[in-house]
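# Summary of the model geometry
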Amino acid sequence: MSITYKVVKQVFGFDKEKTPKYVVRTVTSEMLAFDKVRLQVSQVSGIHRATVNSVIEGLLDVLVNNLDMGHSVQLGEFGTLRPGMKAKAQTTEEAVTASTIYRRKIIFAPGRMLRDFLRNVSVNRMGTPDIMLP
């Protein structure tokens, strides 16, 4: 198992000289559709697809309801979800209102399972084999 990357040329907007830099970009092969996720969970767990579907839909309902109440939701070793937002900075406390919020988001903090995955996964450059020749 590995994560593949490619090297791309990029000019950063904050760089006044507009000097091109080279950065790493992750290469993903495909999106695993939700129907296939449900099917794979069903196959791995031995539980009927309809049951898996009901459990996942119930989980999503619980997530949305609790995030709507401002709660963080922990999903075991997978990670934790919590509501967040970004707002424009103001010079006075009184100027900070709901209208200064320009982005609502869900913040995900990976749990042990995903942190271990990231710590142990190998990385490979796209198009170049990682073979050591004598």
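Attention here is on the structure that accompanies the text. No experiment lies behind these values; they were computed from the predicted model shown.

### Quick look at the sheet that holds strand S3 (residues 73-74)
- Spatially, S3-S4-S5 is the arrangement adopted by the three strands of the open sheet, whose pairing is antiparallel. Strand pairing shows two members of the sheet lacking a second neighbour, S3 and strand S5 (101-110), which therefore form its edges.
- In the sheet, S3 pairs with strand S4 (residues 79-87) via two bridges, with the strands oriented antiparallel. Paired with Gln74 across the strands is Thr80, a residue of S4.
- Across the sheet, helix H2 (residues 49-68) lies against S3, S4 and S5, angled at about 45° from S4, the strand it touches most.

### Digging into the side chain of Ser42
- Relative to the assigned elements, Ser42 resides in helix H1 (residues 34-45).
- Residues contacting Ser42, with those up to four places away along its chain left out, are Ile47, His48, Arg49 and Val52.

### Side note on the pattern of salt bridges
- As enumerated under the stated definition, the model contains two salt bridges in all.
- Put simply, Asp35 and Arg38 hold a salt bridge, and the shortest N to O gap is 2.0 Å. With Asp35 and Arg38 both in helix H1, this residue pair falls three residues apart, about one helical turn.
- You can call Asp35 exposed: its relative accessible area is 52%.
- Overall, the relative accessible area of 19% leaves Arg38 in the buried class.

Thresholds applied
Residues numbered from 1 in each chain as written. Predicted model: local features only at pLDDT ≥ 70, side-chain atom pairs only at ≥ 80, totals over all residues. Heavy atoms only, no water. Pairing = 2+ DSSP bridges. Helix = DSSP H or I, 4+ residues; strand = E, 2+ residues; numbered from the N terminus. Contact = heavy atoms within 4.5 Å. Axes fitted to C-alpha atoms, helices over the stretch in contact; angles between N-to-C directions. Salt bridge = Lys/Arg side-chain N within 4 Å of Asp/Glu carboxyl O. Buried < 20%, exposed > 50% of the residue type's maximum accessible area, 1.4 Å probe, protein only.

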